[in-house]
Each structure stands twice: as C-alpha cells, then as structure tokens.
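# Tertiary structure, described
Here are the chains, one letter per residue:
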Amino acid sequence: MLTVVLSGLRTRWSSFLGGFLALALGVGLLVTMGLGLSATFHAPERSPQRFASSPVVVQGQDRLTLDVRRGPDTVSVAQRLDRPQPVDKELVRELRARWTVSTSGGPDAVGVDAPAAEVRALVGDRAQVLTGDERRNADPDPERDAQALVGLNALLGTTGGVTAFVSVFVVASTFAFAVALRRREFGLLRTAGATPGQVRRMLLAEATALGVVASAAGCALGAAGAPLLARALVDGGLAPEWFAVGDAVWPFHLAFWTGLTVALAGAVAASRRAGKVGPTAALREADVDTDVLPLGRALLGTGLLLTGLGLLVWTCVTEPSELLKRKTYTTLPMLLTGGVALLSPLLVRPVARLLRLRGAVGTLVRENSAASVRRTAAVAAPVLVTVALAGTLFGSAASVTRTRGVEAREQTAAQYVVSGPELRPVAGVVPDGAVVSSTASTSLFVRDGAEAVVKYGARAVADPAAFAELARLPVVAGDLRDLDDRSIVVNEEFERRRIGETVEVWRADGSGPVRLRVVAVLALGTGDNGPYVTRANAPGAALDRIEARGGGAATARALEASGGTVRTADAWASAGHPASSPQTRLGMILVLGIALVYTVIGLANTLLMATSVRGGELASLRLAGATRAQILRVVTGEALLATAIGTLLGLAVTAAVLGTLGAGLASLSAPVALVLPWGTAGAAAAVCAAVAVAASALPAWRLTR
C-alpha cells in the first residue's frame, strides 16, 4: 500500500501541487496570524511617567461601582469613568501636613514621598493609593496601548477566520475534483482485486503525506512571514509603532494540526465516494457527470444556506443594530457563501442551458459546461467565494459608513459646524440673527434592569432652545424643546423610555444618582442618537462641536474664534464619515487578498488537471474538423462561462446580505444608503477570469499541437 501511495504521489505530483500550495499557504497564514494575535493579548509594560519620582501616588476614583443582582446574590460591577475624580482638597491638606506632596498636570492625582502602608491608612476609601507599576494608571490615557491593540486583534482574528474558511473549502474541493478525475483508475484497481477499504485507505494515506509535508512547510513559511506582517501593519497604521510579534509556540501547534486535519477532512468525503467505484468504471466512456451532488454535500450545503439565511433574518428582526458591526457582516456571509458554493452543482446545468450562444463554438461551450458539471462547479465555486467576500465585506462597510454620514447630515439644520477637542464659546461674537448650538461629548451610566449597568455615550447641550431649533433628530415621541437641567432625551434602547417617566443616571464623573424626566424619545438609528442632557449634568465635559445657522459669511468668520475647524455642514459630515479610512481599507484588502490568492491557486490547479485529461476529447474535435483556434476558444469559453456563473452567484450572495442590511437600517429608522462595490467585485472577477483562461489555454494548446 505504501509503495502504491508513494508511486501515485510521484506520478501525479502536478495534480497534488494545488492542494499542497493551498494547504501550506493556509498553515503559514494561520501561524502568522496566530503569532500576531499572541502579541496583541498583552500591551507593553511601560514604566510610570507622570509620577516617576514619587514612590506613592494618590489618585481620585476612576470607576463607578454599583451593586447588581446575579441570581439570588448581589455583586459589585465597575464601569470606568471618562476621567478620574479630583482628589479631595481636605485629603491633600492632610497629606501635605505629614509628607512631601507633588502635583503634576491636574487635580486628579498627587505624588507622595512616604511609606505606602501609612498613606493607605490615612487615605482609606477616599481615593486610590498606587505603588510600583500601578503608578502608570495616573499617566494620561493609561490604557492607550491596550486600546491600540483592540482593532488589530479583531483584524487578525477576522483574517485568520477567513483563511481557515477559504483553505478548508479549496483543499476539500481540490481533493473532491481529483478523485472525480480518477474514477477509471479506481475501477482498474477494483478490477485488479483492490477492496473498497483499500481504495479509501490509499486516498487517506495520500492526504496524510500531503498534509504533513505541507503543514511543516507552512510553519516555516509562517515563522518567516510573521515579522514581515508586523512591519507591514505598523507601516500601514494598523498597529502602534512598538508592535512586534513574540515567540509564542501555540500558533505553530495549532496551525500544524489544523492543516493536517483539513487535509484529512478534505479527503474523507472523497475517499468514501472513491470506495464506491465499481470495476465497471474502467470501461466507462461517457463524460456526462452523474451523481454530482452526494447526499452528504447536499445536506451540509442546505444546512449552511438555511443557517446563514436564518441568522441574517433573525438578526435583522431581533437585533438589527448588530448588522452594522464588522463581526456580524464578516462571519454571517461566510455561512451563506459556503452553502451556495456547496450547492453550486445544482445550479450549473440550468444556468448553462439557459444561455443562447451562437455558432458551433458557442454550442460546444454550453453543452460541455452543462455535461461536465463537476468541472464547471469546481471552477465557479472559488470565484463565488472571492466575489461574495469582496461584495459583502467592502459593500457592508461602505454602506454603514455612508449611512452614518447621511444620517449625521440629516440630523442638523446648521449651515456651519465647528469641531475640535476643546472649543471656546462664541455666543458673544456671532452676529445678530445667527442661531448657535454648542454641545459636548459626555457619558451617562444607567441601570439596565437589576442585573447590569450600561455606559452610554451622550451629548451635553449648552443652550436647549438653540439645540431644539437646529436639531433634526428622529423623534418618535415627545419634544426636544422641553429639555432642561432636570430632564433627558433618550433613545429606544433605554429600558424606561415613556414620556414623563424618570431615569436614574450617574454622570460622567461618577456623581449621582440623579433622576431625570424623559421629555423625548429618539429612534435608535446607527447608534449615535442620544441620549442628550444639559451641561448641568455633564460636569467637566469640554465643548467639541458648535453648530450655527444664519448671519452669512460673518458667522463663519466669528466661528473661527472657537479655535476649531470650521466647515459647512456637508463638508463636516463627509469629513467625519469618510468612505473608508486607509486603515480599514488596508485591512479589508488583506482579507480579500488572501481569498484571491486561494482562488488563483484553486482555479489554476483545477483547470490544469481538468484540461490535461481531455486529450482524447480534443483529438476527436480535431478529427471532426475543428481548428486549433476553435478548440482553444471552446476550452477558454468554458472557463469564462464557469467564471461568470461563479460571479453571478457571488453577486447573489452580496445582494442578499446588503438587502438584509438595508432592511435592518430601515427598521432602525436610519437612512438606507447601500453601496455595491462594483469596482472591487469586478476587479476580483477579472483576475479570476484571466487566471481561468490562462490555466485552461496552456494545456489545451499543448494537447492540440
């Protein structure tokens, strides 16, 4: 058996090359992503900067701690405040009376030159006492390093998931098609006395040998590629400058055994079909495919398709805001794409029969594609995966961003908008007749039932009357003009949202609770609709937006005194919600590039194998009078037709995903501004078509010499 396996690998090395490359690349990418992920789990340990010379730091409380119910028990949960509370002045006086106290940069913390135990005894629960490395918490933005890795962690995780999904699909497809081409060989083995079990074991042995060698090569490839990936992420602005991969071992183990498992899993189904081949298959002459959709593939494809559609519809109905998140519009379409790809053999023959291609060449292209369903589906499936990924990823991201920009523009009647981190009030310098509304970013903490505390990003209004005149918010109940220091504007996400009800909130500095009366309720939208309070309920919040209308150019000149960037409302909405940031686009290109590389490998391998075994068929066409050019047009036409079918199926998946996203936006009362990335999807399809033509024309040209 081992001799037969090794001889088969040597003889058919070209048919195994595509699977080897796909598997090695997949393992290499998994190692690279795993090493990158392991480096994102822990931010670098930085030494304290603000109070580096003070052995002890006394800092105001930086978390709001409340008791909630957990079953029959009560537990404490903490939410981080926007900024630490100031240290009590009386406590500072007590500290200075006993030790040397230093201040640096604000009232939220002081450095103390004293024994830590004595300081803790004096402070008690009035503030935090930090020592050692904990003193970093008093530095500006102490969690900036960890926050810088959140987006990178999501990107690498998404890329790893796409890699696993596409690699499993390509490797399994390669094995399945290779087995379909070897039916006569298996028939000869059965005629020579081989049992079905021996045929299955031979294929599994081939897959094991291929998996071990390819996984080992992939691990070496990943070890070399991880530092290059880290450098590219830093250069592209996706990772902070200090980011570097570590020396973790688990990514190598995970990738190696995953690669071997993928190889065996891809061969199991194919080996079961190979074991069913009877001795009479050696005498088979007809090239019309039968039984192109085995029961297992049909059940798996139907399950994935129904699960993908079901989850999309369920999410749209129950939690439509989840459709706007990258995690959702990245993962759910994979189920839908996988289901359609597995069921593609059912669609190939009807679509091909519907075409009305003229001439003898057109007729042969149509009939050959309809007869050789396995070959056509094997070419169409990877194209489908790539086009669907391009359409759903780029389309969903662009649609969400454009919707938020349109929504932001529709929610203000201002002519000019000023933005900046800390703006100065301009009420005294704008001309008469101008309406000016200043708002600040803040936070509110609200109980969600008795089991949770939710932190909401809110806006604080300086002048409620001007705010009500300029705002065009999607109010579903109440009136914005009723907002005052004892009331709040909420959105439909709040548990208490009836007009006149009271909401218990804690302010951004942890003060509270205060009870505010609901005066207006907003539609949820894309997530930026409320809540709104007045400046009295946002202590310490700095102005970061000024909206103005009226007064003409004099108003624009007066707004420059605020110290921020003055734009028209249209320009402000476009600047705040660009089509895509360079970092986001680079991340999506990385994901799509991986899928495209796999597609190129799968297409080239499939068409090289398929065309190379068509020598007798092409020779018969020559004997029937077909010229060499006509034969090449037939072969390349079949490849283009299969690519077109895959593209259409990919666009169908894209339409389903974007249609569901549009329905979700409509249910959120948000503007529906869908974007179909024709350029990206078209470029992916064009690359697939070029590879398909080349991979089919080259062996056909050689066979027709």
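In what follows, the structure referred to is the one given above.
First, a word on what this report is: a plain description of the structure on this page. The structure displayed is predicted, hence computed values, not measured ones.

Analysis parameters
- Residues numbered from 1 in each chain as written.
- Predicted model: local features only at pLDDT ≥ 70, side-chain atom pairs only at ≥ 80, totals over all residues.
- Heavy atoms only, no water.
- Salt bridge = Lys/Arg side-chain N within 4 Å of Asp/Glu carboxyl O.
- Helix = DSSP H or I, 4+ residues; strand = E, 2+ residues; numbered from the N terminus.
- Buried < 20%, exposed > 50% of the residue type's maximum accessible area, 1.4 Å probe, protein only.
- Pairing = 2+ DSSP bridges.
- Axes fitted to C-alpha atoms, helices over the stretch in contact; angles between N-to-C directions.
- Core = buried A, V, L, I, M, F, W, Y, C linked by side-chain atoms within 4.5 Å.
- Contact = heavy atoms within 4.5 Å.

### Brief notes about the pattern of salt bridges
Counting across every chain of the model gives 13 salt bridges. Here Asp-82 makes a salt bridge to Lys-455, at a shortest N to O gap of 3.3 Å. Highlighted residues: Asp-82 in the loop between β3 (73-80) and α3 (89-98) and Lys-455 in strand β9 (residues 452-461), separated in sequence by 373 residues. On the basis of relative accessibility, which here comes to 33%, the residue Asp-82 falls in the partly exposed class. For Lys-455, a relative accessible area of 34% corresponds to the partly exposed category.

### Observations regarding the pairing of strand β15 (residues 543-549)
As paired elements, strand β7 (residues 416-419) and β15 share 4 bridges and run antiparallel to each other. Considered in β15, the bridge of Ser-419 is made with Arg-545.

### Here's the deal with the sheet that holds strand β4 (residues 100-103)
Strand order in the open sheet formed by 4 strands is β4-β5-β1-β6, with antiparallel pairing between adjacent strands. In this open sheet, the two strands that pair with only one neighbour each are β4 and β6 (128-131). Direction aside, the axes of adjacent strands within the sheet are offset by 30° on average. Relative to β6, strand β1 (residues 56-59) is paired through 4 bridges, and the arrangement is antiparallel. Each bridged residue has a counterpart across the sheet, and for Val-58 the counterpart in β6 is Val-129.

### What to know about the nonpolar core
With 67 residues, the main nonpolar core has Val-166, Leu-233, Phe-243 and Tyr-598 as its most contacted residues. Considering every element that reaches this core, the biggest residue donor is helix α14 (residues 373-410), with 11 residues. Those residues in contact with Phe-243 that lie beyond four places of it in its chain are Gly-36, Ala-39, Thr-40, Leu-149, Leu-152, Ala-230, Leu-233 and Val-234. Core analysis: the second largest hydrophobic core is formed by 30 residues, Val-436, Ala-460, Val-533 and Leu-543 among them.

Purely geometric stuff here, so don't read any function into it on its own.
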